[in-house]
Amino acid sequence: MKVQSLIVALLLCASVLAAGQSQRFVTTDEVNEKLYLDLHQSPELSGHETRTAQKMADGLRALGFDVATGVGGTGVVGVMKNGPGPVVMVRTELDALPIVERTGLSYASKVKTLNDAGVEVGVMHACGHDAHMSSWMGTARLLAAKKSAWSGTLIMLGQPAEETVSGARRMLADGLYERFPKPTYVLALHDSADLPAGVVAYTAGVATSNADALDVTIYGRGGHGSRPDATIDPVVIAARVVLTLQTLVSREMNPWNPAVVTVGSIHGGTRYNIIPDEVHLQLTVRDYDAKVRQHLLDGIRRIVRAEAEAAGAEKMPKVEIAESATAVHNDVALTNRVMAALRERLGDSNVREQKPVTGSEDFSEFERDGVPVLQFNLGAVNPQVWSDATKSGKQLPGLHSSAFAPDRELTLKTGVTAETTAVLSLMGK
Ligand code: ZN
Ligand code: ZN
């Protein structure tokens, strides 16, 4: 471990700042800063990351990677073979969110575009994928510049459409594990709005939740609002459904099994005096265990159907799963190995263990065929702002918030340092 950390230090020291605590980190040189600002100001929606993918592909090619584009949509795969050793894949996401940025930053995104439904939306890197790409490219650059320090095959993976949990699956379906060297390990980082910049955090084992997005359509029989007796009112059925669903977690779950059932959207009807024919609900369901997941999905179908039957509905409701993501399981041995290297590099107090989150990710797709994966978190909040908020209890803007503004410099420095160190802990000579 000592020799390994010496190599890591040597590799990184060329770009280390002259003084103070910054010595723990590489510097964010001009190129990365420019890349970040460019990516931040030109975000693209899920599945439409054409210019972003091009920038990633061009960057990797310039560093000497063999680059394939258009993998599973707009996916990018850069391969650098450098002797015998493990195949380490490092993943970044390429996509941004349909949010109007309200950070007030001088370099805020002003991008507007049409979404898939043809509606004009703002576009913002509110999940910080611009920071992931910048860290990823910085890592590729450092490793390409010092090939004598490592041995094996490095694969830099740019994944589209993470926010719609579809991009990883599409890349795998397009032959990611057959057309390119199959990874021994897959690594990724994700920024965090709950941690100060300069800090990384990890969860060994289950780290994110299973997530299912459901569309529910409740059918009634519409008519005049003054003649409810001549109708079957789907608004009333939907209202009962929303309330009965609350009992799934509170009355049917073992309290040691965390779970969430949220009705995020309910739409039906057009005006005061018309009872509509149908009502549409959209649900998100979160949990950490396959049995719990099945119980919740079965329970939703059971409750929706029973409420429709209770109201005498003539047509049973439709329940469809629109999107699904499986929980990320960070391989425990891999996690311990990488975190030992990160502790040496960043200092013990800057590497923190954390509980699983109720967020979800399609990074779990890369676990296919038993490939060990690790995704760790990268603090992104200005340390002073974070410590003030922790003292006062003030809620800071979270990921997917229009006000989410990472502490750019320290976040990127830590991202490049941590990701490079993580790769070298697996491939370092
Ligand atoms: Zn996100
Ligand atoms: Zn994200």
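So, how was this worked out
Residues numbered from 1 in each chain as written. Chains lettered and ligands numbered in written order. Predicted model: local features only at pLDDT ≥ 70, side-chain atom pairs only at ≥ 80, totals over all residues. Heavy atoms only, no water. Salt bridge = Lys/Arg side-chain N within 4 Å of Asp/Glu carboxyl O. Buried < 20%, exposed > 50% of the residue type's maximum accessible area, 1.4 Å probe, protein only. Helix = DSSP H or I, 4+ residues; strand = E, 2+ residues; numbered from the N terminus. Donors = N, O, S within 2.8 Å, 3.2 Å for Na, K, Ca; no water. Tetrahedral: all angles 85-135°; square planar, octahedral: opposite > 155°, others 65-115°. Contact = heavy atoms within 4.5 Å. Polar contact = N/O pair within 3.5 Å; in protein donor to acceptor, adjacent residues only side chain to side chain. Phe/Tyr/Trp six-rings, centres within 6.5 Å; stacked < 30°, edge-to-face > 60°. Core = buried A, V, L, I, M, F, W, Y, C linked by side-chain atoms within 4.5 Å. Expected span 1.5 Å × (residues − 1). Arc of directions from axis to C-beta. Domains from an automatic or database assignment. Buried area = accessible area lost by both parts, 1.4 Å probe.

A. Layout of the pattern of salt bridges. Counting across every chain of the model gives 18 salt bridges. For Glu-44, the salt bridge goes to Arg-51, with nearest N and O atoms at 3.4 Å. Relative accessible area serves as the criterion here: at 7%, Glu-44 is assigned to the buried category. For Arg-51, a relative accessible area of 48% puts it in the partly exposed group. Arg-221 serves as the salt-bridge partner of Glu-314, at 2.3 Å between the closest nitrogen and oxygen. Of the two residues, Glu-314 sits in the loop between helix H8 (290-310) and strand E15 (318-325) while Arg-221 sits in the loop between strand E10 (210-219) and strand E11 (223-224), which places them 93 residues apart along the sequence.

B. View of the coordination of the zinc ion (ligand 1). Distances from the zinc ion (ligand 1) to its protein donors, namely Cys-127 (SG), Glu-163 (OE), Glu-163 (OE) and His-400 (NE2), fall within the range 2.0 to 2.6 Å. Coordination at the zinc ion (ligand 1) comes from 4 donor atoms whose angles at the metal span 54 to 151 degrees, giving a geometry best classed as irregular. We note that the donor set of the zinc ion (ligand 1) lies within a single chain, spaced as C-x35-E-x236-H. In this structure, the zinc ion (ligand 1) lies 3.2 Å away from the zinc ion (ligand 2), the two metals sharing Cys-127 as a donor. On the criterion of sequence distance, the pair formed by Cys-127 in the loop between strand E5 (120-122) and helix H4 (129-145) and Glu-163 in the loop between strand E6 (152-159) and helix H5 (167-173) is long-range, its members being 36 residues apart. Taking the relative accessible area as the measure of exposure, Cys-127 reaches 7% and is therefore buried.

C. Representation of unusual backbone geometry within the structure. One non-glycine residue, Asp-369, lies in the positive phi region at around 60 degrees. By the secondary structure assignment, Asp-369 is in the loop between strand E17 (351-353) and strand E18 (373-381).

D. Structural context of the environment of Arg-169. Within the fold, Arg-169 resides in helix H5. The residues contacting Arg-169, other than those within four sequence positions of it, are Ser-324, Glu-365 and Arg-368. Only 3.2 Å separates the side chain of Arg-169 from the side chain of Glu-365, close enough to count as a polar contact.

E. Expanded view of the packing of aromatic side chains. For the structure on display, the rule yields 2 aromatic pairs. Between the aromatic rings of Tyr-36 and Tyr-107, the centroid separation amounts to 6.4 Å while the plane-to-plane angle is 75 degrees, which identifies the pairing as edge-to-face. Of this pair, Tyr-36 sits in helix H2 (residues 30-41) while Tyr-107 sits in the loop between strand E3 (87-93) and strand E4 (112-114); the two residues are 71 residues apart in sequence, bridging distant segments of the chain. For the residue pair Tyr-36 and Tyr-107, the accessibility class agrees, reading buried in each case.

F. How the structure looks around the nonpolar core. Within the largest apolar cluster, 43 residues are counted, with the highest numbers of intra-cluster contacts made by Leu-60, Phe-65, Leu-154, Val-338, Leu-342 and Phe-376. Listed in part, the 24 residues of the second largest apolar core include Ile-232, Ala-259, Leu-296 and Val-304.

G. Structural view of helix H7 (residues 234-252). Between its first and last C-alpha, H7 extends 26 Å over 19 residues, near the 27 Å set by a 1.5 Å rise per residue. Within H7, the full set of buried residues consists of Pro-234, Ile-237, Ala-238, Val-241, Leu-245 and Leu-248. Looking straight down H7, one finds that the buried residues subtend no more than 95 degrees of arc, so they occupy a single side. Exposed and facing more than 90 degrees away from the buried side of H7 are Leu-243 and Arg-251. Buried residues along H7 sit in contact with E10, strand E12 (259-268), strand E13 (274-275), strand E14 (278-287) and H8. At the N-terminal end of H7, a side-chain oxygen is found 2.8 Å from the backbone nitrogen of Val-235, two or three residues along, and the residue is Asp-233.

H. Quick look at the coordination of the zinc ion (ligand 2). The zinc ion (ligand 2) binds to the protein through Cys-127 (SG), His-129 (NE2) and His-190 (NE2), with metal-donor distances spanning 2.1 to 2.3 Å. Motif for the zinc ion (ligand 2), donor spacing along one chain: C-x1-H-x60-H.

I. Inspection of the environment of Ser-349 at higher detail. Mapped onto the fold, Ser-349 is located in the loop between helix H9 (332-346) and E17. Separated by 149 residues in the primary sequence, Ser-349 and Val-200 place their C-alpha atoms 9.5 Å from one another.

J. Representation of the domain arrangement of the chain within the structure. As assigned here, the chain comprises domain 1 (3-208 + 327-427) and domain 2 (210-325). Computed from C-alpha atoms alone, the centre-to-centre distance between domain 1 and domain 2 is 37 Å. Across the contact, 12 residues belong to domain 1 and 7 residues belong to domain 2. Summing both sides of the interface, domain 1 and domain 2 together bury roughly 810 Å²; the carbon and sulfur share of this comes to 52%. Counting the surface domain 1 buries against domain 2, the share from its top three residues, Ala-327, Thr-358 and Ser-360, is 47%. Remark: the boundary between domain 1 and domain 2 carries 5 residue pairs in polar contact (both at pLDDT 80 or more).

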